[in-house]
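# Residue-level structure breakdown
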Amino acid sequence: MDEDLGAYLRSQQVLGPDVHKHHEQAILNARPIPASGRQIAAKPPIDVTAWIVWERDGLQIIQTAAQAWAGRDVLVAIRDIRWPVLGVWLAAQDVRRR
């Protein structure tokens, strides 16, 4: 291996699980996770438009899918560097079918 390339590779940091930690934000309109016995899976998932209110970035309207519901709460898929998991529970008023 070329000496310069070897030195370069040794100087690189290994990215840890918190590499994007500084990007994370709370979702201000997120609802608590309902008890599992109350959750009903959407089979198949339902195409929806959801209103997300980020802690620092404010309102964002996303095209996504409803994965489940529990009473008046809906679990929508979200894949965003600011949110550490792949879904968020929202009040039904923040979700509309497409």
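It should be noted that the structure appears before, not after, this text.
All values derive from a computational prediction rather than experimental measurement. (Residues numbered from 1 in each chain as written. Predicted model: local features only at pLDDT ≥ 70, side-chain atom pairs only at ≥ 80, totals over all residues. Heavy atoms only, no water.)

### Points about the pattern of salt bridges
Applicable threshold: Put simply, a salt bridge is a Lys or Arg side-chain nitrogen that is within 4 Å of an Asp or Glu carboxyl oxygen. Relative accessibility under 20% of the residue-type maximum defines a buried residue, over 50% an exposed one, and the middle range a partly exposed one, all with a 1.4 Å probe and only protein chains included.
Overall, the coordinates contain five salt bridges when judged by the stated rule. Between Arg-82 and Asp-80 there is a salt bridge, and its shortest N-O distance comes to 2.8 Å. Each of the two residues, Arg-82 as well as Asp-80, counts as buried. Each of Asp-57, Asp-80 and Arg-82 takes part in a single network of salt bridges with overlapping partners.

### A few points about the nonpolar core
For the record, the criterion: For this analysis, a nonpolar core means a set of buried residues of the types Ala, Val, Leu, Ile, Met, Phe, Trp, Tyr and Cys, connected via side-chain atoms within 4.5 Å. A run of H or I in DSSP becomes a helix once it reaches four residues, and a run of E becomes a strand once it reaches two; helices and strands are each numbered from the N terminus. Note on contacts: a residue pair qualifies if any of its non-hydrogen atoms lie within 4.5 Å across the two residues.
Grouped together as the largest cluster of nonpolar side chains are 15 residues, with contacts concentrated most on Ile-27, Ile-52, Val-76, Ile-78, Val-88, Leu-90 and Val-95. Elements supplying a minimum of two residues to this core: strand S1 (40-54), strand S2 (58-70), strand S3 (73-77) and strand S4 (87-91). Excluding residues within four positions of it along the chain, Ile-27 makes contact with Ile-52, Val-53, Trp-54, Ile-78, Trp-83 and Val-88.

### Some thoughts on the packing of aromatic side chains
Defined as follows: The aromatic pairing rule takes the rings of Phe, Tyr and Trp, using the six-membered ring of Trp, and pairs them if the centres are within 6.5 Å, calling planes under 30 degrees apart stacked, those over 60 edge-to-face and the rest tilted. Two thresholds decide whether a charge sits over a ring: the Lys NZ or Arg CZ must be within 6 Å of the ring centre and within 35 degrees of the ring normal.
If you walk through the whole model with that rule in mind, you get zero aromatic pairs. Here the basic side chain of Arg-82 rests over the ring of Trp-54, its NZ or CZ set 4.0 Å away from the ring centre.

### Structural notes on the environment of Asp-47
The residue Asp-47 is located in strand S1 in this model. On the basis of relative accessible area, Asp-47 is assigned to the partly exposed category, the value being 46%. With 49 residues separating them along the chain, Asp-47 and Arg-96 place their C-alpha atoms 8.7 Å apart. Setting aside its immediate chain neighbours within four residues, Asp-47 contacts Thr-64, Ala-65, Arg-96, Arg-97 and Arg-98.

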